[in-house]
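So the chains spell out like this:
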Amino acid sequence: MPTIVFASPKGGAGKSTSAVLLACTLAEQGASVTVVDADPNKPVSAWARLPGKPTNLTVLSDVSEETVTDTIDEAAQRTAFVIVDLEGTASMMVGYAMSRADLVVIPSQGSQLDAGEAVKAIRLVRSQERAFRRQIPFAVLFTRTSAAIKPRSLQSIAIEFAENEIPVFATQLHERDAFRAIFAFGGTLGGLDPSQVTNIKAALANTRAFAAEVVAILKGGVKAPVR
């Protein structure tokens, strides 16, 4: 079954948030999902210990450089989707996980610093393609963007990526209180209390659009657009 790897050498790019949002969306649509928490800080495991995790979503955290590929392979035999949240560094574990990926998602905020780190992740994908002699699809996911404002810095980065034929998701994960709230309260976006968290409906629409784009790439071999 498909393996989706979230990778970026930069901490704080949105890997764990994006991974949990995708996992929950797929699980709520009825798919069985395993999340491999390979981040030493274990943010996904901390979320999973809170109430409200979907019953068809499993989180595995006992993983090392030596076991990560076996863990991914075994999970792929049991569940419809495997999602891997990696540490924010270019390590051997990251490379091994990429070798199993059907899609590498590279989260990046709209800054030149993050864009530079995204390019490092792309170079690592390319090196794993050469090492394992297989194509590894990837795409950049812009995170923590504004739903209302399109900064010139982000537009400039998007143009630069397009000029270099770097695939970028059409969907951006915007800066939303609901995305932070699930790590505070647990569970999924749909389980949040509207009296405590604002604009849940928009957050749900945002993540469903992202999940639909991921599934379209996986199912049809459709490449993320060069925007």
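Keep in mind it's a predicted model, so treat the numbers as computed, not measured.

Engineer: What is the right way to look at the overall build of the chain in this model?
Structural biologist: Scanning the chain from N- to C-terminus turns up eight helices and seven strands. Whereas a compact globule of 227 residues would reach a radius of gyration of roughly 17 Å, the chain reaches 16 Å, a difference of no more than 12%. Taken along the three principal axes of its C-alpha coordinates, the chain extends 50 × 45 × 35 Å. Per-residue burial for the chain yields a buried fraction of 52% across its 227 residues.

Engineer: Sorry if this is basic, but what is going on with helix α7 (residues 177–185) here?
Structural biologist: Given 3.6 residues per turn, any residue in an α-helix points the same way as the ones three and four places further on. Taken residue by residue, α7 has Ala178, Phe179, Ala181 and Ile182 as its buried positions. Buried residues of α7 fall within an arc of 160° about the axis and therefore sit on the same side. Of the residues flanking the end of α7, it is Gly186, one or two places downstream, whose phi is positive at about 90°.

Engineer: Any chance you could explain the confidence of the model for the chain here in plain terms?
Structural biologist: Parts of the prediction with low pLDDT should not have their coordinates interpreted in detail. Across the chain, the average pLDDT comes to 91, with 96% of residues at 70 or higher. Across the chain, strand β3 (residues 57–60) holds the top mean pLDDT of 98, while helix α6 (residues 152–163) sits lowest at 87.

Engineer: Got a minute to help me understand the packing of helix α5 (residues 112–132) against α6 in this structure?
Structural biologist: Between two packed helices, both the angle of their axes relative to each other and the distance between the axes serve to describe the pair. Following both chains from N to C, one finds α5 and α6 inclined at 25°, their axes separated by 10 Å at the closest point. Judged by the inter-axis angle, α5 sits roughly parallel to α6. Of the two possible hands of crossing, α5 and α6 adopt the one that is right-handed. Across from Gln112, Ala115, Ala118 and Val119 in α5, the residues of α6 making contact are Ser156, Ile157, Glu160 and Phe161. By residue class, the composition of the contact of α5 with α6 is five nonpolar, two polar and one charged.

The rules behind the values
Residues numbered from 1 in each chain as written. Predicted model: local features only at pLDDT ≥ 70, side-chain atom pairs only at ≥ 80, totals over all residues. Heavy atoms only, no water. Helix = DSSP H or I, 4+ residues; strand = E, 2+ residues; numbered from the N terminus. Rg over C-alpha atoms; globule rule 2.2 N^0.38 Å. Buried < 20%, exposed > 50% of the residue type's maximum accessible area, 1.4 Å probe, protein only. Arc of directions from axis to C-beta. pLDDT = per-residue confidence, 0-100. Axes fitted to C-alpha atoms, helices over the stretch in contact; angles between N-to-C directions. Parallel < 35°, antiparallel > 145°, perpendicular 65-115°, else oblique. Left-handed = near helix turned anticlockwise from the far one by under 90°. Contact = heavy atoms within 4.5 Å. Nonpolar A, V, L, I, M, F, W, Y, C, P; charged D, E, K, R; others polar.

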